[in-house]
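Notes for the structure review
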Amino acid sequence: MDRRSLVAAGVTVLLWASAFVSIRVAGEHYSPGALALGRLFTGSVVLVTILVLRREGVPPRAAWPGIAGAGVLWFGVYMVALNWGEREVDAGTAAMVVNIGPVLIALLGGWLLGEGFPSRLLAGIGVSFAGAVVVGVSISGSGRASVLGVLLCVVAAATYAIGVTLQKPALRHASAVQVTTFGCLVGTVGCLPFAPQLLGELGRAPLSATLNVLYLGVFPTALAFVTWAYALARTTARNMGATTYLVPAIVVAMSWSLLGEVPGWLTLAGGLLCLAGVAVSRGRPRRARVVTPPEPAASARV
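- Looking at an unreviewed UniProt entry, one finds the protein named EamA family transporter and attributed to Actinophytocola xanthii.
- The heading Sequence similarities (unreviewed entry) in the UniProt record of the protein holds the text "Belongs to the EamA transporter family."

1. Re the overall build of the protein
- For the protein, the count of helices and strands is 13 helices and 0 strands.
- Classification of the 302 residues of the protein by burial places 51% in the buried group.
- Partitioning the contacts of the protein with sequence separation of at least 6, the portion at a separation of at least 24 is 91%.
- For the protein, the accessible surface area stands at approximately 14100 Å², while carbon and sulfur atoms represent 68% of it.

2. Points about the confidence of the model for the protein
- Predicted confidence across the protein gives a mean pLDDT of 81, with 75% of residues reaching 70 or more.
- Here helix H13 (residues 265-282) stands out as the element of the protein with the lowest mean pLDDT, 66, in contrast to helix H2 (residues 32-53), whose mean of 97 is the highest.
- Within the model, pLDDT remains below 50 along residues 285-293, and this stretch shows 2 contacts once partners closer than five positions in the same chain are excluded.
- Overall, residues 297-302 carries pLDDT values under 50, and its contacts beyond four positions in sequence, including any with other chains, amount to 2 contacts.

3. Brief notes about the pattern of salt bridges
- In this structure the tally under the stated criterion is 1 salt bridge.
- In this structure, Arg 54 and Glu 56 form a salt bridge, with 2.6 Å as the shortest nitrogen-oxygen distance.

4. So, the side chain of Gln 167
- Structurally, Gln 167 is set in helix H7 (residues 147-170).
- For Gln 167, a relative accessible area of 1% translates into the label buried.
- If we ignore the near neighbours within four places in the chain, the residues touching Gln 167 are Gly 66, Ala 70, Trp 74, Val 179, Trp 228 and Leu 232.

5. As for the packing of aromatic side chains
- Counted according to the given criterion, the structure contains 11 aromatic pairs.
- Relative to Phe 182, the ring of Trp 64 has its centre 5.5 Å away and its plane inclined at 70°; by these criteria the two rings are edge-to-face. Of the two residues, Trp 64 is situated in helix H3 (residues 64-85) and Phe 182 in helix H8 (residues 176-190); the sequence distance between them amounts to 118 residues.
- Phe 182 sits in the buried class, given a relative accessible area of 13%.
- Ring pairing ties together the aromatic residues Trp 16, Trp 74, Phe 75, Tyr 78, Tyr 160, Phe 225 and Trp 228, which thus form one cluster.
- Looking at Arg 234, its charged tip hangs above the ring of Tyr 230, at a distance of 3.7 Å from the centre.

6. Examining unusual backbone geometry
- Positive phi, normally seen in glycine, also occurs at Arg 55, with a value near 60°.
- By the element assignment, Arg 55 lies in the loop between H2 and H3.
- Here Arg 55 falls in the exposed class, since its relative accessible area comes to 79%.

7. Some words on the packing of H2 against H3
- Packing of H2 against H3 leaves a shortest axis separation of 8 Å and a crossing angle of 130°. What the angle tells us is that H2 and H3 run oblique. When the axes of H2 and H3 are compared, the crossing they make is right-handed. Residues Pro 32, Gly 33, Leu 35, Ala 36, Arg 39 and Leu 40 of H2 form the contact with H3, whose participating residues are Phe 75, Met 79, Val 80, Asn 83 and Trp 84.
- Of the residues contributing to the contact of H2 with H3, the split by class is 8 nonpolar, 2 polar and 1 charged.

Thresholds, definitions, all that
Residues numbered from 1 in each chain as written. Predicted model: local features only at pLDDT ≥ 70, side-chain atom pairs only at ≥ 80, totals over all residues. Heavy atoms only, no water. UniProt positions renumbered as here; feature names shortened; annotations may be inferred. Helix = DSSP H or I, 4+ residues; strand = E, 2+ residues; numbered from the N terminus. Buried < 20%, exposed > 50% of the residue type's maximum accessible area, 1.4 Å probe, protein only. Contact = heavy atoms within 4.5 Å. Areas by Shrake-Rupley, 256 points an atom, 1.4 Å probe, with all protein chains shown as cover. pLDDT = per-residue confidence, 0-100. Salt bridge = Lys/Arg side-chain N within 4 Å of Asp/Glu carboxyl O. Phe/Tyr/Trp six-rings, centres within 6.5 Å; stacked < 30°, edge-to-face > 60°. Lys NZ or Arg CZ within 6 Å of the ring centre and 35° of its normal. Axes fitted to C-alpha atoms, helices over the stretch in contact; angles between N-to-C directions. Parallel < 35°, antiparallel > 145°, perpendicular 65-115°, else oblique. Left-handed = near helix turned anticlockwise from the far one by under 90°. Nonpolar A, V, L, I, M, F, W, Y, C, P; charged D, E, K, R; others polar.

This is the structure in structure tokens:
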């Protein structure tokens, strides 16, 4: 990945981490489907505006299978499942469980996209996954986790992984803005049955909750999904998936400062493992040293 792609991936990680905290706040006043629709509708308005300003049209036909699949699963099912899951578990636990997604992305990318299974990446994923498990166990040990919430976060992780795998081929035929915009529109259409709930809850919710919905649509959706697609188009799905292991560590810090969820030493240790795994997976393999054989002696030359 070049520097621009690394910056784009960094923006994505920070904004997606903040989404877990905002969902917890907004989810106290908006139901899962209504929150997903409000977030997607806001994101769609921003993305369509960007698309028009950039004068980018409709993606070519070859990109639509990936756009439609990612739109239904990642923008639609994923967001509803995550919103619902975070009503049952705290933000840190949700981030840990959802981050089994990179493991699934690496497996699906190696199998369906022909990206292979390099040992360094698999080692980094293993270290980060261990860190995610440590953080998840430490947080769920407080008794706040529920089986339903964990299962919903697993569904979110699976749809996220499949969505990324479907999105990668679409980026060969369309730009990051096109793929993100029309994927978001597909997800918005899929969530339209929740419109009556959204309209009803919009009048009762406090301003702070509604502002969090708008924030989710503008930043973690419109901006972060575009920067994600930009970076994904320039590297492999497995590498991008490994980068998102930074999210749990950031969520723990944000939950600590904004929600008052103070992590214990075991939680912090798990967060450090997540960071270490990313460092391993992103490192460059050593180049084999080329040994030049000595020239034969003059008497041995022909």
